[in-house]
Amino acid sequence: MSDLDDYEGDPELDRERLSELVTDQLEELARAIHSRDQLVRARAASRLVRLDVDPELALPALNHRRAIVREVAAEAIGYSSKPLNATVIDALLAAIDDPKPFVAAAAIRTLGRRQISVARAQISACLDDPEPPIVAAAIVALARLGDTTLAVALPNFLNSPHLTIRIAAAEAAGILHAPAAVPGLLCLLEDCITAWHDAQPRIPSRAASVAMQALARLRARTAVPLLVEIARYIVGLRTLAVRTLIQLQAVEAAPAIAPLLNEDGSHLLHEVIRLLHMANYRAALPELRALLQRSASNRRSLLMKVMQVLTEWHDRESLPLIAQIAESDPSAELRSYAAHCAATLAVCTPPSPAHDTELPQELTLPPSCHERLQQRRQRMASFTATSVVEGVVLRVLSYGAVIDLGGVEGFVHVRDIDWGWISDARTALHPGQTVRAAVTGIDETRMRVNLSIRRLTPDPWSHITQQLAVGMHINGTVSGITGFGVFIEVFPGVQGLAHTSQIPPDPRPLRERFPLGCRVSATILNIDPDRRRIALRLHEGLQQKAAHQ
């Protein structure tokens, strides 16, 4: 991606060369976007949005011999901030007739995103196309063009047998603010929940996400019970479900959402606290204090949010916890904020019970939700803390993966995937993968089974002191680079850390000196089996060897 930035030619004198560079970039992105690696695809899609190509320079790529390059070129033009001239618009209109449906759909999306009104008639004709991707692209494009006549047809599209068309209709309903689409959106959301419960092969996470966003725009409060069910029991969509409840001002959901304060995800916890704060749900004060006590100091924004709410609610019982943070937390910013909150709480007068806001009543969930919960309880009764189970990966998040166990969700944290260090679970697991795992806990409240994949293999640390000793010279492989040092895999599943203070000085960055996977040698400085840590020192002579490998 840096070739174009470093190019010093005059664009007016060498447009052909610049166009070749853009085409090379688009080819690279096309390969990455169609990669089998989920993380590579996500990063490539993000790069595509930020690329901001010159549409004229990307024009030759629209006629590329490879269809995936034509598709990416059309999408890139759609995300460009530069104006489209008549030549580019004509090329996009011609691309609607591309023999590959996904290329035609990309061109339609771009015409809608750039609001090219002259394309409206041609896009409208695509609503009758036999290819679902083209129909879906046309629905969203017409909505972005402000075609209000489309609103009448949205309920029918929401009942389509093709999921891509239903998703597009849901997105269009939000764009056009079409109230008539609310029943269809609720039906789509219900179908998504059922799909999760029945472990259908295609888990429509995007469908649920788009439906929730549309319901939020339409202020459809009838969706609140379904949103609560998603927030409580469907990992991966909980944060968006709580955020949608906030947009709907659903204060009645607070009692059902408060138990989520026991979860781990920072984004989810932020949204849960926002909802409880909005609802003034002070019955959650004990859970907020517990969250404040157990949260690590590196989650500064979360801790500050909790202290803010506790201070606004004049919770004097939390004063000792906040005072302790103000006195001993390693973060100066957190200590300062905690001191301010503690000073405020020390002088405030707690409100009398007579002035407390009335607590919202417990939300009544629909019968379909109770039926699904009953089926989950029956399935969970078959698990024990010593069970070994087999399941299919449904969703992979950075901090873990959700495993389908036949109608019940199991969750394996990133640290329980392998004995070795994994920074992102998406690099180790992928949706659709079959895995075996040991049950480590059963959470009946959250209807979830906690799993460990690594527990089915021997612990490489169990005999580490018999294999290694302080002062020993070892060979290993660089497995990770951080700002404070280099991680080196000594044995499979056993890693040591060479702190920056134990690496000979060099002006080059660590990532340049020690590429991932290169072999290095080091001396063991310390072994701590209880904390699973090995301290290492790299040597001057070996540093250059590792850097040039």
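Up top you'll find the structure we're talking about.
**Considering the pairing of strand 6 (residues 473-482)**
Part 1 of the reasoning: Taken together, the five bridges between strand 6 and strand 9 (residues 519-528) define a ladder with antiparallel strand orientation. Pairing of Thr 477 across the sheet is with Arg 519, part of strand 9.
Part 2 of the reasoning: As defined by bridge partners, strand 6 adjoins strand 7 (residues 485-491) across five bridges and the pair is classed as antiparallel. Of the residues in strand 7, the one forming a bridge with Thr 482 is Gly 485.

**Some thoughts on the pattern of salt bridges**
Pairing is possible between side chains that carry opposite charge, provided their charged atoms lie close to one another.
Part 1 of the reasoning: Evaluated as defined, the whole model comprises 20 salt bridges.
Part 2 of the reasoning: Put simply, Glu 171 and Arg 144 hold a salt bridge, and the shortest N to O gap is 3.4 Å. Here Glu 171, found in helix 11 (residues 163-176), pairs with Arg 144, found in helix 9 (residues 132-144); they are 27 residues apart in sequence, far enough to count as distant.
Part 3 of the reasoning: Of the residues examined, Arg 144 reaches a relative accessible area of 26% and is grouped as partly exposed.
Part 4 of the reasoning: The closest approach of N and O atoms between Arg 532 and Asp 459, which form a salt bridge, is 2.5 Å. Note that Arg 532 is positioned in the loop between strand 9 and strand 10 (533-538) and Asp 459 in the loop between strand 5 (448-452) and helix 23 (464-467), a separation of 73 residues in sequence.
Part 5 of the reasoning: The exposure class of Asp 459 is partly exposed, given its relative accessible area of 21%.

**Quick notes on the packing of helix 5 (residues 67-79) against helix 7 (residues 101-113)**
How two helices sit against one another is set out by the angle between their axes and by the gap between those axes.
Part 1 of the reasoning: Two numbers describe how helix 5 lies on helix 7: the axes approach to 8 Å, and their chain directions differ by 5°. Taken as axis vectors, helix 5 and helix 7 run roughly parallel relative to one another. Every residue of helix 7 that contacts helix 5 at Ala 67, Ile 68, Arg 70, Glu 71, Ala 74, Glu 75, Ile 77, Gly 78 and Tyr 79 is listed here: Phe 102, Val 103, Ala 106, Ala 107, Arg 109, Thr 110 and Arg 113.
Part 2 of the reasoning: By residue class, the composition of the contact of helix 5 with helix 7 is nine nonpolar, two polar and five charged.

**Topic: helix 13 (residues 205-217)**
Part 1 of the reasoning: The terminal C-alpha atoms of helix 13 lie 19 Å apart, and with 13 residues this matches the ideal 18 Å at 1.5 Å per residue to within 8%.
Part 2 of the reasoning: Where helix 13 is concerned, the buried positions are Ala 207, Ala 208, Ser 209, Val 210, Ala 211, Met 212, Ala 214, Leu 215 and Ala 216.
Part 3 of the reasoning: Remark: Arg 219 follows helix 13 within two positions and exhibits a positive phi of approximately 55°.

**Comments concerning the sheet that holds strand 10**
Part 1 of the reasoning: Spatially, the five strands close up into a barrel ordered 6-7-8-10-9, and their pairing is mixed. Shown here is a sheet whose adjacent strand axes are inclined to one another by a mean of 50°, direction ignored.
Part 2 of the reasoning: Here strand 7 pairs with strand 8 (residues 494-499) via six bridges, running antiparallel. Across the sheet, Phe 487 pairs through a bridge with Leu 497, a residue of strand 8.

So, how was this worked out
Residues numbered from 1 in each chain as written. Predicted model: local features only at pLDDT ≥ 70, side-chain atom pairs only at ≥ 80, totals over all residues. Heavy atoms only, no water. Pairing = 2+ DSSP bridges. Helix = DSSP H or I, 4+ residues; strand = E, 2+ residues; numbered from the N terminus. Salt bridge = Lys/Arg side-chain N within 4 Å of Asp/Glu carboxyl O. Buried < 20%, exposed > 50% of the residue type's maximum accessible area, 1.4 Å probe, protein only. Axes fitted to C-alpha atoms, helices over the stretch in contact; angles between N-to-C directions. Parallel < 35°, antiparallel > 145°, perpendicular 65-115°, else oblique. Contact = heavy atoms within 4.5 Å. Nonpolar A, V, L, I, M, F, W, Y, C, P; charged D, E, K, R; others polar. Expected span 1.5 Å × (residues − 1).

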